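Here is how the chains run, residue by residue.
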Amino acid sequence: MHSMTIRPARPADFAAMQEIEVEAGSMFAAIGMDSIAEDEPFTLDELAAYTAADHAWVAVDDDDRPVGYLVAELVDGRAHIEQVSVRPSRARRGIGRRLVDHVATWAAAEGLPALTLTTFADVPWNAQLYERLGFRRLDEDELSSGLRHLRDEEAARSLDRWPRVAMIRVVAPPAG
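None of the values given here were measured: they were computed from a predicted structure. In this convention, every chain numbers its residues from 1, walking through the sequence in written order. This being a predicted model, a pLDDT of at least 70 is required before a residue's local features are given, and a value of 80 or more before pairs of side-chain atoms are given or counted; all residues contribute to the totals for chains, interfaces and linings. Excluding hydrogens and water, the side-chain figures rest on all heavy atoms present in the structure.

> Describe in detail the environment of D45, supporting the description with residues and values.
Secondary structure elements follow DSSP: runs of H or I of four or more residues count as helices, runs of E of two or more count as strands, with numbering from the N terminus. Tracing the chain through its elements places D45 in helix α3 (residues 44-52). Each C-alpha atom of the pair D45 and P11 lies 10.0 Å from the other, and the pair is 34 residues apart in sequence.

See below:
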């Protein structure tokens, strides 16, 4: 890939976004997290809702084909990264970092003070990666009501079979 562009997701991207999520999820099977690897991707309706809210972005190659994507929602006045996935064949090239940085810039322009996310604590391409991207782990007593609710939903879906954490990254307001 010679260059990469990040742009808002469009309905024509949805099938590729689902493929990317399945491909990226398959990496969990290699570390014994088969139920995560087998998890269904976002539905077309879910992707349409993120897109309609202007909360979905794709990283595309020179031919405008998605190689990664990020969807976010607003949780307690912050931009919450719901999912970021990159095709494994394109991993380790900074695509996920660029998607997160793009959303941080968007959040700052929207007047949102921070990005949040929840992720697996002990998966190398999860919490440790986000720490390198400027996130810090939140203690339980730091969780907002919205993050607490999301963590409860994750527990109900048995995602907490493996340690999970909520994380935050403060974003700088736009210059000027």
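> Before we move on, could you go through the pairing of strand β2 (residues 56-60) and cite the residues and values that matter?
A regular strand carries its side chains on alternate faces of the sheet. Residue exposure (1.4 Å probe, protein chains only): buried if accessible area is under 20% of the type maximum, exposed if over 50%, otherwise partly exposed. Burial of β2 is extensive: five of the five residues sit out of reach of the surface. Alternating positions in β2 separate into two faces, A56, V58 and V60 on one and W57 and A59 on the other, with burial throughout. Looking at chain direction, strand β1 (residues 5-8) and β2 are connected through four bridges and run antiparallel. Bridge pairing in β2 links I6 to A59. Pairing of β2 with strand β3 (residues 66-75), which is carried by five bridges, proceeds in the antiparallel orientation. Bridge assignment links A56 to a residue of β3, and that residue is V71. Between β2 and β3, which pair antiparallel in sequence order, lie five residues; one of them, D64, sits at a positive phi of approximately 65 degrees. Strands are labelled as partners when DSSP assigns at least two bridges between them.

> A description of the sheet that holds strand β6 (residues 136-137) should follow, citing residues and the corresponding values.
Spatial ordering of the open sheet is given by β1-β2-β3-β4-β5-β7-β6, a layout of seven strands whose pairing is mixed. Looking at which strands have only one partner, the edges of the open sheet turn out to be β1 and β6.

> Requested: an account of α3, with residues and values cited.
Buried within α3 are the following residues: L47, Y50 and T51. Down the axis of α3, the buried set is contained in an arc of 100 degrees. They therefore lie on one face. Seen from the open side of α3, the exposed residues pointing more than 90 degrees away from its buried face are D45 and A52. Contacts were defined at the residue level, with two residues in contact if any of their heavy atoms lie within 4.5 Å. Turning to α3, the residues buried within the fold contact α1 (14-25), β2, β3 and β4 (78-86). One or two steps after α3, the chain reaches D54, where phi turns positive at roughly 60 degrees. Note that the arc is defined by the directions from the helix axis to the C-beta atoms.

> With reference to specific residues and values, describe the packing of aromatic side chains.
Pairing of aromatic side chains requires ring centres within 6.5 Å, counting the rings of Phe and Tyr and the six-membered ring of Trp. Pairs whose planes differ by under 30 degrees are stacked, by over 60 edge-to-face, and all others tilted. Taken as a whole, this structure holds five aromatic pairs when the rule is applied. Judged by centre distance (5.7 Å) and plane angle (75 degrees), the rings of Y130 and F135 are edge-to-face. The structure contains a cluster of three or more aromatic residues connected by ring pairs, namely F28, F120 and W162. Either the NZ atom of lysine or the CZ atom of arginine qualifies as a charge over a ring when it sits within 6 Å of the ring centre and within 35 degrees of the ring normal. Taking NZ or CZ as reference, R164 lies 4.4 Å from the ring centre of F120, over its face.

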